[in-house]
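Residue-level structural notes
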Amino acid sequence: MSAQCPECEGTIALAADILDGEIVPCPDCGAELEVVSLNPVVLELAPEVEEDWGE
Amino acid sequence: MLSVSIVGGSGYVGGELLRLLLGHPHVEVRQVTSERLAGQYVYSTHPNLRGRTELRYSPQSSLEPCDVLILALPHSSAAKNIEHYAGLGQAIIDCSADFRLRDPEAYSRWYGEKHPAPHWLERFVYGLPELYREQIRSTRYVSGVGCNATAINLALLPLVKAGLIDQTKPVVAEVKVGSSEAGAVANDGSHHAERSGVVRSFAPVGHRHTAEIMQAHGLENVHISITSVEMVRGALATCHVFTQGSVNERDLWRAYRAAAAEQPFLRIVHDRSGLHRHPEPKILAGSNYADIGWALDEATGRVVALCALDNLMKGAAGAAIQCLNLMHGFEETVGLEFTGLHPV
């Protein structure tokens, strides 16, 4: 099973037993994505904690 | 086995060529020349090769015919003696700048002298497989690539291929480079007390590699600056480009994926999270990868196109071996599988 990253359009392989609400990373752009629907699978960008880059 | 000899093997590029060729399953290194070090073991100058080979440096006068002659000589030396070398090697890969430019006028303009063998220029293919793979497969003569030019050429490749660059505006590229770009011969500027810790603008304008970028991509309005920083290996190109029309992140992902497809040494690094969000030369030391990425300022249409590579590898010796593989029908990646070190 796979889904498309809503950020970069990369293909994300998903486990068959993926759960609603699970967070999956995009292998291409590194976005953290939340499974918001299972049938069909829909991914949305999950809120992420910004890192401090010295600013 | 393919017999390969290296002419001018005592420099850093020569050492990397030798390291790669000694591990190449289809190559036998026949001779390595150095006039100054003739008779000495090659590991006297390339200490990482101790135990890997008993080869000693030969003088050029003892060079024998071979399948491939790789020239790693100072600029203009290869061109002055190309007829002699062509009589010794069935194929030639010249790592210098002598045969990179197709136009002798451009050579004169950027190198300040007439080309010594202009009729040979059209016989050489520019050794950047990402642009000239098919031509490299079918030629006997390949030129090397400029390390800074390669970093910029690969940084710009996705945008050029996708036709996204507004060529009415200048393309400005800055390359941060390590000390090995200056070669193995010391000078006043490389004295540790002077070189250590520098952020040295050594070529803010007028760098010769500009000509290779103009030739490769057909860009006229391109300007480069080179800055030496505290690294031994590595180059990071940061190119400022303005796009035609509005462009978003997805457009750029499509352009970069299209450019990197079927390019075994191009990797897209454009991560939203983690420590390595953008290309970083540090982790590429010793590898033939070129990592490409970007940042987009949607409000102004400015794309900052990035490319990191090891100047001695993808910027010189690694590219040469990649070309050797293509010229002889080997798997393009053979002998170039090392992935770099982390941490380093």
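Residues numbered from 1 in each chain as written. Chains lettered and ligands numbered in written order. Predicted model: local features only at pLDDT ≥ 70, side-chain atom pairs only at ≥ 80, totals over all residues. Heavy atoms only, no water.

**Focus on the sheet that holds strand β4 (residues 32-38) of chain A**
All names here are of chain A. Strands sit in the order β3-β4-β5 across an open sheet of three strands; the sheet is antiparallel. Looking at strand neighbours, the two that pair on one side only are β3 (23-25) and β5 (41-45), the edges of this open sheet. Across this sheet, the average inter-strand angle for adjacent strands is 40°, counted without regard to direction. Bridge analysis of β3 against β4 gives three bridges, and the strand direction is antiparallel. From the neighbouring strand, P25 faces β4, where its bridge partner is E32. (Pairing = 2+ DSSP bridges. Helix = DSSP H or I, 4+ residues; strand = E, 2+ residues; numbered from the N terminus. Axes fitted to C-alpha atoms, helices over the stretch in contact; angles between N-to-C directions.)

**Let's talk about unusual backbone geometry**
Keep in mind that most residues, glycine aside, have a negative phi and that most peptide bonds are trans. Following N39 of chain A, the chain continues into P40 of chain A via a peptide bond in cis, with omega recorded as 5°. Here P40 of chain A shows up in the loop between β4 and β5. Across the junction of H342 of chain B and P343 of chain B, the peptide omega takes the value 0°, indicating a cis bond. Secondary-structure assignment places P343 of chain B in the segment after α10 (313-327). Located in the positive-phi region is E9 of chain A, a residue other than glycine, with phi close to 70°. For E9 of chain A, the position within the fold is in the loop between β1 (2-4) and β2 (11-13). Notably, S76 of chain B is not glycine yet its phi reads approximately 85°, a positive angle. In this structure, S76 of chain B sits in the loop between β4 (66-71) and α2 (77-80). You can call S76 of chain B buried: its relative accessible area is 11%. (Buried < 20%, exposed > 50% of the residue type's maximum accessible area, 1.4 Å probe, protein only.)

**A few points about the interface of chain B and chain A**
Of the residues lining the interface, 11 residues belong to chain B; the matching set on chain A comes to 13 residues. Interface area, chain B with chain A, both sides summed: about 1,200 Å², of which 36% is carbon and sulfur. Looking only at chain B, the three residues that lose the most surface to chain A are R250, R257 and R272 of chain B, adding up to 49% of its buried area. At the boundary of chain B with chain A, the tally comes to four salt bridges. R272 of chain B is the partner of E7 of chain A in a salt bridge, and the nearest nitrogen-oxygen pair spans 3.0 Å. Here chain B and chain A share eight residue pairs in polar contact (both at pLDDT 80 or more) between them. (Contact = heavy atoms within 4.5 Å. Buried area = accessible area lost by both parts, 1.4 Å probe. Salt bridge = Lys/Arg side-chain N within 4 Å of Asp/Glu carboxyl O. Polar contact = N/O pair within 3.5 Å; in protein donor to acceptor, adjacent residues only side chain to side chain.)

**Some details on the packing of aromatic side chains**
Residues and elements named next belong to chain B. Evaluation of the coordinates by the stated rule reveals 10 aromatic pairs over all chains. Where W120 meets F124, the ring centres are 6.3 Å apart and the plane angle is 55°; that geometry is what we call tilted. For F124, a relative accessible area of 2% puts it in the buried group. When the centroid spacing of 5.2 Å and the interplanar angle of 85° are considered together, the rings of W120 and Y141 count as edge-to-face. Placement of W120 in the loop between α4 (104-111) and β6 (125-126) and of Y141 in strand β7 (residues 141-143) is noted, with a sequence separation of 21 residues between them. When its relative accessible area of 2% is taken as the criterion, W120 is described as buried. Chaining the aromatic ring pairs together yields one cluster made of F99, W120, F124 and Y141. Between R123 and the ring centre of W120, over which it is positioned, the NZ or CZ distance is 4.1 Å. (Phe/Tyr/Trp six-rings, centres within 6.5 Å; stacked < 30°, edge-to-face > 60°. Lys NZ or Arg CZ within 6 Å of the ring centre and 35° of its normal.)

Geometric values such as these leave the question of function open.
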